[in-house]
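Structure assessment
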Amino acid sequence: AAIEAGPFGEASLAVARMAALAERSDDTARFRADCSAGYLGWRRGDPDHGARLIRRAVARLEADPLLASRPELQLDSAWAWAWSNIGDHDRARACCGRAVELARSQGAGRLPDALVLAACMDRDAGRWPSALAHGSQALDPALATGQLTVACEALITAGEIEAAQGRDEDCLRHARQADLLT
């Protein structure tokens, strides 16, 4: 939370503590520590350091089949690749696609998250039909599991695309649905 909010001193302390604890823990903890520290490095204006840590985290994931089989870690990788200074959207989409497949096959509760991330990536890449399909697929399971923030993101993503397509009524309907969830 400190990384997103901007108190970088607090975030730096938390990430340093996380890294120290991770060294005495398992590969999952080291993966998460590297992702967090990499993202903080990027946010603080040190993209080279951030990119190095993100690459190290993803290398851990790709080298360990047990880690790679976890949809939530694939999602973390997708976020890291797409929204860090690295901006490797092709790798992000591949990680996101694996997260969707894994979540579907494992019946994981992360499926709505994975589908919404896929929708956002497709939206940003101009693949609007795919973005609308992913968002639509995310909505029912998100609502059924009480993931209201995820459901709102699916509705908002659909509304953004519909607005750009001149589909005003659809956009307004989705905006009203999202508003009712907040």
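What counts and how
Residues numbered from 1 in each chain as written. Predicted model: local features only at pLDDT ≥ 70, side-chain atom pairs only at ≥ 80, totals over all residues. Heavy atoms only, no water. Core = buried A, V, L, I, M, F, W, Y, C linked by side-chain atoms within 4.5 Å. Buried < 20%, exposed > 50% of the residue type's maximum accessible area, 1.4 Å probe, protein only. Helix = DSSP H or I, 4+ residues; strand = E, 2+ residues; numbered from the N terminus. Contact = heavy atoms within 4.5 Å. Axes fitted to C-alpha atoms, helices over the stretch in contact; angles between N-to-C directions. Parallel < 35°, antiparallel > 145°, perpendicular 65-115°, else oblique. Left-handed = near helix turned anticlockwise from the far one by under 90°. Salt bridge = Lys/Arg side-chain N within 4 Å of Asp/Glu carboxyl O. Expected span 1.5 Å × (residues − 1). Arc of directions from axis to C-beta. pLDDT = per-residue confidence, 0-100. Nonpolar A, V, L, I, M, F, W, Y, C, P; charged D, E, K, R; others polar. Disulfide = S-S within 2.5 Å.

So, the nonpolar core
If you look at the biggest cluster of nonpolar residues, it comprises 30 residues, and the most contacted ones within it are Ala78, Cys96, Val116, Leu117 and Met121. For this core, the elements supplying multiple residues, two or more each, are helix H4 (47-63), helix H6 (71-83), helix H7 (89-106), helix H8 (111-124), helix H9 (128-144) and helix H10 (148-164). Aside from chain neighbours lying at most four places away, what touches Cys96 is Ala78, Ala114, Leu117, Ala118 and Met121. Cys35, Ala57, Leu61 and Leu73 belong to the second-largest nonpolar core, a separate cluster that totals 6 residues.

What to know about the packing of H10 against helix H11 (residues 168-181)
Across the interface, H10 lies against H11 with an axial gap of 8 Å and an inter-helix angle of 160°. Put simply, H10 runs roughly antiparallel to H11. For the pair H10 and H11, the crossing hand works out as left-handed. Mapping the contact onto sequence places Leu148, Ala151, Cys152, Leu155, Ile156, Ala158, Gly159, Glu162 and Ala163 in H10 and Asp170, Cys171, His174, Gln177, Ala178 and Leu181 in H11.

Focus: the pattern of salt bridges
The full count for this structure, using the stated rule, is 13 salt bridges. In this structure, Arg30 engages Asp27 in a salt bridge whose closest nitrogen and oxygen atoms are separated by 3.0 Å. Taken as a pair, Arg30 and Asp27 lie in helix H3 (residues 27-43) at a separation of 3 residues, close to a single helical turn. Residue class for Asp27 comes out partly exposed when judged on its relative accessible area of 30%. Salt-bridge contacts for Asp170 lead to Arg173; the nearest nitrogen and oxygen are separated by 3.2 Å.

Things to note about H4
With 17 residues, H4 ought to run about 24 Å at 1.5 Å a step, and its terminal C-alpha atoms sit 24 Å apart, in line with that. For H4, the complete set of buried residues consists of Gly50, Ala51, Leu53, Ile54, Ala57, Val58 and Leu61. Axial view of H4: buried residues confined to an arc of 165°, hence all on one face. Opposite the buried face of H4, at more than 90 degrees from it, the exposed residues are Asp48 and Ala63.

Overview of the confidence of the model for the protein chain
Low pLDDT means the predicted atomic positions in that stretch should not be read closely. When pLDDT is averaged across the protein chain, the result is 87; 93% of the residues are at 70 or more. Least confident of the elements in the protein chain is helix H1 (residues 2-5), whose mean pLDDT is 56; most confident is H11, at 95.

Things to note about the packing of H8 against H9
Packing of H8 against H9 leaves a shortest axis separation of 8 Å and a crossing angle of 160°. Taken together, the axes of H8 and H9 are roughly antiparallel relative to one another. Judged by the sense of rotation from one axis to the other, the crossing of H8 with H9 is left-handed. Where H8 approaches H9, its residues Pro112, Leu115, Val116, Ala118, Ala119, Asp122 and Arg123 are matched on the opposing element by Trp128, Ser130, Ala131, His134, Gly135, Gln137, Ala138, Pro141 and Ala142. Here the residues of the contact of H8 with H9 sort into 10 nonpolar, 4 polar and 2 charged.

Some details on H7
Here H7 contains 18 residues, and its C-alpha end-to-end distance of 25 Å stays within 8% of the 26 Å for a straight helix at 1.5 Å per residue. Within H7, burial applies to Ala92, Cys95, Cys96, Ala99, Val100, Leu102 and Ala103. The first or second residue beyond H7 is Gly107, which carries a positive phi of 65°.

Some points on the state of the cysteines
Applying the stated criterion to the full structure yields 0 disulfides. Note on Cys35: no disulfide assigned, nearest cysteine sulfur contributed by Cys95 at a separation of 9.6 Å. Exposure remark for Cys35: the relative accessible area of 12% places this residue in the buried category.

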